[in-house]
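Structural description and commentary
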Amino acid sequence: MNETLVCAVGNVATQPVYRELAAGPSARFRLAVTSRYWDREKSTWTDGHTNFFTVWANRQLATNAAASLSVGDPVVVQGRLKVRTETREGQQWASADIDAVAIGHDLARGTAAFRRAGKPETATPAPPRPEPDWETPADSPGTAAQQRSEPVAVT
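Before going into details, it helps to say that this report is about the structure given with it. On a predicted model such as this, the values are computed, not experimentally measured, just so you know. (Residues numbered from 1 in each chain as written. Predicted model: local features only at pLDDT ≥ 70, side-chain atom pairs only at ≥ 80, totals over all residues. Heavy atoms only, no water.)

Here we come to the overall build of the protein. Scanning the protein for helices and strands turns up 2 helices and 6 strands. Moving toward the C terminus, one meets the helices and strands of the protein in the order β-β-β-β-α-β-β-α. When each of the 155 residues of the protein is scored for burial, the buried share is 20%. Sequence-distant contacts in the protein: of pairs separated by 6 or more residues, those separated by 24 or more amount to 56%. Carbon together with sulfur atoms contributes 52% to the accessible area of the protein, which is approximately 12900 Å² in total. (Helix = DSSP H or I, 4+ residues; strand = E, 2+ residues; numbered from the N terminus. Buried < 20%, exposed > 50% of the residue type's maximum accessible area, 1.4 Å probe, protein only. Contact = heavy atoms within 4.5 Å. Areas by Shrake-Rupley, 256 points an atom, 1.4 Å probe, with all protein chains shown as cover.)

Listed below in structure tokens is the structure:
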């Protein structure tokens, strides 16, 4: 209910690590998010600070992310932000993780070819559905003669 949802745009910094766990597939990778700003003195765009996030994906998202992402790919990640602190060898460490809900390539910086993931086989196939009736029934028998068919063009 009171979760911090974020949308981060950046580059894949490490190759996704895929694991089959008892709870289902899991994958993780590091995401580099670099801010850019216009430097008025140089009249050019300049890179600012880079933040790194560990992105966690589960179930089908994990399988698809591991098969689709490579280091350097520009991506958009949406998910829940989790900031963790821990003590290692007497020092405090903080890390920011994103529990991903959606991951996709950033189409502002390139193109992608989408392929649907294969569905698992079911024991019994679903019965075929009847074709929907796209015709609009006439209000009364007299109005059917007044209506004319118009050609339909699909572009």
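By secondary structure assignment, the location of Thr46 is in strand S4 (residues 44-58). Note on Thr46: relative accessible area 18%, which makes it buried. Look past the residues within four positions of Thr46 in its chain and what remains in contact with it is Ser35, Arg36, Tyr37 and Asp39.

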